[in-house]
Amino acid sequence: LPRYFIGVLDKDSGQMEVYNAEIFNMQPLLSGRKTLLNLSTRVTACETCACTQLLTADSSTLSEFLSFPLQCKVSSVQQCDLFCFSLAQMDLCIEAFGTSKQKRALNSRRMNAVGNDILNTAVTKAAANIIDAKGVSALIQDVAQDDVQNISEFLPPCNEDADKPENVYKFEDILSPAEYKALRVPAAAFVNITPEEITKKTEDKSHCSFVLEELKFLPADEKRRDHKARCLWFLDTLIKFSCLKVIKKKHAMGPECPHIISRKLMKNFTSLTYNNGSVQNLVSASKKAKIAAYVIALALHINDFQTDLTILQNDMKLQESRMMDIAKAMRLKVSKAKGLPGLENDQNHKLGTLSLPLPVPKASGNQQKRRKMN
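In this report, we go over the structure that sits alongside the text. (Residues numbered from 1 in each chain as written. Predicted model: local features only at pLDDT ≥ 70, side-chain atom pairs only at ≥ 80, totals over all residues. Heavy atoms only, no water.)

### Some details on the overall build of the protein chain
Summing up its helical and strand segments, the protein chain has 14 helices and twelve strands in all. The buried share among the 374 residues of the protein chain stands at 38%. Summarising the internal contacts of the protein chain: among those between residues at least 6 apart in sequence, 64% fall at separations of at least 24. Element-wise, carbon and sulfur atoms account for 53% of the exposed surface of the protein chain, whose accessible area totals about 23,100 Å². (Helix = DSSP H or I, 4+ residues; strand = E, 2+ residues; numbered from the N terminus. Buried < 20%, exposed > 50% of the residue type's maximum accessible area, 1.4 Å probe, protein only. Contact = heavy atoms within 4.5 Å. Areas by Shrake-Rupley, 256 points an atom, 1.4 Å probe, with all protein chains shown as cover.)

Take a look at the structure:
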């Protein structure tokens, strides 16, 4: 076993007297115990001069910063297990025995606590003044209006004064004349498609369910057939584009996609992000919601302003609540409907209808429930 000694130096004679020492534990008790921290600090106590001194710190926590003063004469090296029972007592220990770094951290924490109290008081007072001035009902209406405005940033331009459903979300705001013209070549495959090819595409799942179903009902009239084929090709491209995360290729939708359409997708439906030293185009959650809104608007034009929202939701891999929020923000009337034959008949399909007059916009159901609870 190791032995311990204490040396006492006589400054006048220059000689040192050596005394035997031993280790024993001291466990002081403090009142008001709340938090227990076991601190081990080695201190010395000399029987001759009755002084105390910090030798080493064995604990990895606060014991390396604190020493516990001994008020009695003991001839030993003490191994003290210190117990601090509250944050207030710990702060007092830091004030008395802490290092400069500890004391600066303590002052900073106390100043932040005072700043938070002042800020909370100011916010509470300001909120009370606003509630007194406007009233709770007016504030709820303002918040609901803000929700609608935030969602409307991702919707196609809406003409609330339209006299016909086709003028609410104008086709030209979804596809410009130049973009529509560029779709003639890639959509030609849809114009001349045969039932056998539709069956094969259904088995291969090369297109979304909505498009595959609509291809079965292309008009016989050549002009109307070409128009619907172009709309379906662009809608299918939008849905495929929404399933991407990061756009790494210049022509993400393949070489058959016209340049003007690729540029439209990158400009309107992606966000720029910086990653690994390079700028990338990202299809964020908000941009995916925007794509969903344009898909719904285009599907309404294709299906005489009534469309199955559940099929589109499944194609875009969206949650039903998200799809319903977008549909309601677009002022659609949502009703229950039976799914198309062979297309998720086990689900309760939702039918979206655009009709006049437009319904008054409302906040989403989850937000309304939260406000009622408040």
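Once the structure has been displayed, the description carries forward.
### Some remarks on unusual backbone geometry
Glycine aside, residues mostly have negative phi angles, and peptide bonds mostly take the trans form. Residue L356 is joined to P357 through a cis peptide bond whose omega torsion reads -5°. Summarising the element assignment, P357 is placed in the loop between β12 (349-353) and α14 (365-373). Even without a glycine there, the phi angle at K317 is positive, about 60°. Within the fold, K317 resides in the loop between α12 (309-316) and α13 (320-329).

### Description of the sheet that holds strand β10 (residues 306-308)
The sheet built from three strands is open, its strands ordered β10-β12-β11 with antiparallel pairing. The open sheet has two edge strands with one neighbour each: β10 and β11 (333-337). With direction set aside, neighbouring strand axes in the sheet form an average angle of 30°. (Pairing = 2+ DSSP bridges. Axes fitted to C-alpha atoms, helices over the stretch in contact; angles between N-to-C directions.)

### Looking at the packing of α12 against α13
Contact pair α12 / α13: the axes reach a minimum separation of 10 Å and the direction vectors enclose 125°. If you check the angle between α12 and α13, you find them oblique. By crossing handedness, the relation of α12 to α13 is classed as right-handed. Residues L309, L312 and Q313 of α12 touch α13, and the partners they reach there are E320, M323, M324 and A327. Per-class residue counts for the contact of α12 with α13 are five nonpolar, one polar and one charged. (Parallel < 35°, antiparallel > 145°, perpendicular 65-115°, else oblique. Left-handed = near helix turned anticlockwise from the far one by under 90°. Nonpolar A, V, L, I, M, F, W, Y, C, P; charged D, E, K, R; others polar.)

### A word on the packing of aromatic side chains
In the structure shown here, the tally under the stated rule is two aromatic pairs. Centroid distance F171 to Y180: 5.8 Å. Interplanar angle 80°. Geometry classified as edge-to-face. With relative accessibility at 15%, the residue F171 sits in the buried group. Given the relative accessible area of 21%, Y180 is considered partly exposed. With a centroid separation of 5.4 Å and an interplanar angle of 80°, the aromatic rings of F269 and Y294 are classed as edge-to-face. Here the residue F269 occupies a position in the loop between α10 (259-268) and β8 (271-275), and Y294 occupies one in helix α11 (residues 285-302), the gap between them amounting to 25 residues. In this structure Y294 comes out as buried when scored by relative accessible area, which is 11%. Over the face of the ring belonging to Y180 we find R230, whose NZ or CZ atom lies 4.7 Å from the ring centre. (Phe/Tyr/Trp six-rings, centres within 6.5 Å; stacked < 30°, edge-to-face > 60°. Lys NZ or Arg CZ within 6 Å of the ring centre and 35° of its normal.)

### Overview of the nonpolar core
The biggest cluster of nonpolar side chains holds 61 residues, and the ones touching the most others in it are F210, L235, I296 and M330. Residue assignment for this core shows that the elements contributing at least two residues are α4 (171-174), α6 (188-191), α8 (209-214), α9 (222-242), α10, α11, α12 and α13. Top element by residues in this core is α11. It accounts for twelve residues. Dropping the residues within four chain positions of it, M330 is found in contact with L155, P156, Y169, A293, I296, A297 and L354. (Core = buried A, V, L, I, M, F, W, Y, C linked by side-chain atoms within 4.5 Å.)

### Some words on the side chain of T353
Of note, T353 is situated in strand β12. We classify T353 as buried; its relative accessible area is 18%. A distance of 3.0 Å separates the side chain of T353 from the side chain of Q306, its partner in a polar contact. (Polar contact = N/O pair within 3.5 Å; in protein donor to acceptor, adjacent residues only side chain to side chain.)

### A word on the packing of α11 against α12
Two elements in contact, α11 and α12, have axes separated by 11 Å at closest approach and are oriented at 140°. With respect to their mutual orientation, α11 and α12 come out oblique. Crossing hand, α11 versus α12: right-handed. On α12, the residues touching K288, I291, A292, V295, I296 and A299 of α11 are L309, L312 and M316.

### What to know about the sheet that holds strand β7 (residues 246-247)
The strand order β7-β9-β8 describes an open sheet built from three strands, whose pairing is antiparallel. On the outer flanks of this sheet lie β7 and β8, each paired with one strand and no other. As judged from the five bridges shared by β8 and strand β9 (residues 278-282), these two strands associate in the antiparallel manner. Bridge assignment links N275 to a residue of β9, and that residue is S278.

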